[in-house]
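Architecture at a glance
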Amino acid sequence: MKNFGIIDIESQGASTSYASIISIAGILVSPELEELDRFELYCRNKPGYVPDPYSLWINKGFDKMIGSNLSHFE
Amino acid sequence: MMKQLHQYIKKWSPCIWTGWNSIGFDFVMLQKENYKSLLPIYITNTQGSEHSDFLQVARTSKLFFPDCIKTVLSDKGNAIFKLDSLGPLNFPDLDTKKFHTAIQDCETLLRVMKKLKQGAGEIFESSKLTTSKFSTKEIIKKEKIFTTIFYFYGKSRAFAATYLTDHSAYKWPMIFCLENDPKDLIKLDYNSLKESLQKPGKWVRALPLNKHPQILPVKFALQTDLYKTIGMKVLLERANLIHSNKEFGEKVGLALGEIADEKYKKQNDLLSPEDSLYAKGFPPPEDLQTMKNFHESNDWTQKNEILSKIKDERFFYFGKRLIYQNSPKTLSAEEYKKIYSNIAEKILSTEEVRWTTIPMAESLIDNIRNEKDISDDKLNYMNKVDEYIQQIRVFYEKAS
C-alpha cells in the first residue's frame, strides 16, 4: 500500500501556462491517513511575471512572496 | 523553491499524489513549472507514483452516500465542493483566516479524506484502484458493465458503461454509455457513424486513464432512476451486443481519430513555448541528460554553456529564461536585451491576452478598490500590490 502525498499549490495567476507558483505545501500520510511528514515553501515572484491582484487577494500570498528569501528556481 | 520541492518529491516517492481539483489544476501547474524549470516533468506520475484527485472522490461519495460530508447548495440546488465552504461546515475548529494558504488547504483535505473514508468507505477504497493507468484499464476491460461518474453543468452523474475501444489518436479508452441502445448505431455506415459522433448527446465518452476516473461496480448506477427503469437485463444485452461486434468499436476508434486530426489541423501551429508542453510531446532523450547536467552545475556560466547543447528549442528558450531570472549578467548583452524587450512587449501590451499584463493588473486593482464597502484591510493590501506592479512597470518601460 502506498502513502498519499497531499499537495496544494498557490499561484500568482490562474493560467497554468503563463502564471507561476508562489507557494506549495505538502503533507505525507500513510495509507491509514496518519501524518508522516510535511513541508511548506514560499518563493519570490519570477522576474518578468505580473501577478494577478485578484489571485493574490484570494491566497493572501503577497507579503510572503515579497518577503521570501527563496527564488522560484532554488 | 522548485529545487527544494523536487527534494521532497524524491524523498516521498513513490506515492499516490493527491489534492483538491489536482487533476484539473495542481498537477498541470506543477508539470508546466517542471517543464519551464528543466526539471523532470512527469516526476509525480511515473516510476511508481500515481495521481489522484479527492475532489472527484468527494463528488462521487456524496452522490451515493449523501450524509458522508456536508455541503452548501448553489442557487440551482447543486452541492458546492469548494474547500473554503466545506471546511468550516464540516470542521468548525479550522482557522478560516488561513483558507487558501497551501498548507491549510492540505490540512483541510486530509480531514475531508478521513471523513470520506469513514462515511463512504466503499468509494474511498475503489478510488485507490484507479490511480494507475494499468489497473484502471484492467478493471474496465474485465468488468463488462461498470459505473462511472461524469461531472457537467455543476452536477455529477452516474453512467452505466462498457468498454468500447481506444481512441486512435489520443489512445485513451472510449466507453459506451449503456442508456443508449447500440442496435441502430451498429448498423450505421462509416460516414454516418462519424457524423453521429460529432453531434451532441454523446453515446460514447472518453475515459482518460491518467485523470483518476471513478470506476465502481454496476450496482451503484442501478441505484439511479434511469438505470432502475432500464434494468440489468437490458444493460447486459446491450453490452453483449457491443462486445460481439468488434468491428463497431474499431470503426468508432478510427472515426474519432479522424475527427481529432481534422481539429488539430485547424489549430494554429504557432503555439508559444508556454503552450507547447503537451502539444509538442516529450523532450528528446539526449536533452534529458543535458537538463540533468544543467541542474547539477552550481555555476550559471557553466549552466549557460551546458544549455547550448539542448536540441529541443522549447527547453533552450526556458533555459535562457532561467538564466535571465536568476543570473542575468551571465547572458550576452544581446541575449539579455532580446529577453528583456520581449517581456516588456508582452507585459505592457494593452491587448486581451492569456497572461496577466500590467494594464490588466492595474484595471483589476482599480475595480477592487472601487468595490462598495471595501474593508481597510483589502484596500491596504491592494495598495501594496499596486506599488509592486508600478515597480515592474517602471523597470520594463525603459525598454521602449
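Before reading on, note that the structure itself is shown above.
Here goes a summary of the coordinates provided. Nothing here was measured: the structure is a model prediction, and the numbers come from that model.

Remarks on helix 19 (residues 376–397) of chain B
Every α-helix winds through 3.6 residues per turn, so residues three or four apart in the chain are directed the same way. When the terminal C-alpha atoms of helix 19 of chain B are compared, their 31 Å separation across 22 residues agrees well with the 32 Å that a helix rising 1.5 Å per residue should span. The complete set of buried residues in helix 19 of chain B reads Lys378(B), Tyr381(B), Met382(B), Val385(B), Asp386(B), Tyr388(B), Ile389(B), Ile392(B), Arg393(B) and Tyr396(B).

Some points on the nonpolar core
In this structure, Leu38(B), Phe294(B) and Tyr396(B) are the most contacted members of the largest nonpolar core, which totals 40 residues. Broken down by secondary-structure element, the contributors of at least two residues to this core are helix 1 (53–59) and helix 2 (62–67) of chain A together with helix 14 (285–296), helix 15 (300–307), helix 16 (313–326), helix 17 (333–347), helix 18 (358–369) and helix 19 of chain B. Here Phe294(B) is in contact with Phe73(A), Leu38(B), Trp300(B), Lys303(B), Ile306(B), Leu307(B) and Leu322(B), once residues within four sequence places are set aside. Formed by 36 residues, the second largest nonpolar core is a distinct cluster that contains Phe4(A), Phe54(B), Val57(B) and Leu86(B).

Overview of the interface of chain A and chain B
The interface is formed by 62 residues belonging to chain A together with 74 residues belonging to chain B. Interface area, chain A with chain B, both sides summed: about 6,400 Å², of which 68% is carbon and sulfur. Considering only the surface of chain A that becomes buried against chain B, Tyr18(A), Trp57(A) and Phe73(A) emerge as the three largest contributors, covering 14% of it. The interface formed by chain A and chain B holds five salt bridges in total. Salt-bridge contacts for Arg38(A) lead to Glu107(B); the nearest nitrogen and oxygen are separated by 2.7 Å. It is strand 2 (residues 21–29) of chain A that contributes the most residues to the side of chain A that touches chain B, nine residues altogether. Pairing analysis gives three bridges linking strand 1 (residues 4–11) of chain A to strand 1 (residues 16–18) of chain B, with the strands arranged parallel. Paired with Ile6(A) across the two strands is Thr18(B), which belongs to strand 1 of chain B.

Let's talk about the pattern of salt bridges
All chains considered together, the criterion is met by 24 salt bridges over all chains. With its nearest N and O atoms 2.9 Å apart, the salt bridge here joins Lys194(B) to Glu258(B). Here Lys194(B), found in helix 9 (residues 190–197), pairs with Glu258(B), found in helix 13 (residues 246–266); they are 64 residues apart in sequence, far enough to count as distant. Residue Glu258(B) is classed as partly exposed on the basis of its relative accessible area of 32%. For Lys320(B), the salt bridge identified is with Glu335(B), shortest N-O distance 2.7 Å. Of the two residues, Lys320(B) sits in helix 16 while Glu335(B) sits in helix 17, which places them 15 residues apart along the sequence. The exposure class assigned to Lys320(B) is buried, which follows from its relative accessible area of 10%. For Glu335(B), a relative accessible area of 24% translates into the label partly exposed. Connected through shared salt-bridge partners, Glu35(A), Arg38(A) and Glu107(B) make up one network.

Description of the packing of aromatic side chains
Residues and elements named next belong to chain B. The tally for this structure, following the rule as stated, stands at 30 aromatic pairs over all chains. On the numbers, 5.0 Å between centres and 65 degrees between planes, the contact of Tyr 35 with Phe 318 is edge-to-face. Taken together, the residues Tyr 35 in helix 2 (residues 22–36) and Phe 318 in helix 16 connect sequence positions 283 residues apart. Tyr 35 sits in the buried class, given a relative accessible area of 0%.

Focus on the pairing of strand 2 of chain A
All names here are of chain A. The buried fraction of strand 2 amounts to nine of the nine residues, a majority that puts the element mostly inside the structure. The sheet contact formed by strand 1 and strand 2 spans eight bridges and is antiparallel. Bridged to Gly 5 within strand 2 is Leu 28. With seven bridges joining them, strand 2 and strand 3 (residues 35–42) adopt antiparallel strand pairing. Looking at strand 3, one finds that Val 29 is bridged to Glu 35. Once strand 2 ends, the chain turns through five residues before running back antiparallel as strand 3, passing Leu 33 with a positive phi of about 70 degrees.

Definitions and cut-offs
Residues numbered from 1 in each chain as written. Chains lettered and ligands numbered in written order. Predicted model: local features only at pLDDT ≥ 70, side-chain atom pairs only at ≥ 80, totals over all residues. Heavy atoms only, no water. Helix = DSSP H or I, 4+ residues; strand = E, 2+ residues; numbered from the N terminus. Expected span 1.5 Å × (residues − 1). Buried < 20%, exposed > 50% of the residue type's maximum accessible area, 1.4 Å probe, protein only. Core = buried A, V, L, I, M, F, W, Y, C linked by side-chain atoms within 4.5 Å. Contact = heavy atoms within 4.5 Å. Buried area = accessible area lost by both parts, 1.4 Å probe. Salt bridge = Lys/Arg side-chain N within 4 Å of Asp/Glu carboxyl O. Pairing = 2+ DSSP bridges. Phe/Tyr/Trp six-rings, centres within 6.5 Å; stacked < 30°, edge-to-face > 60°.

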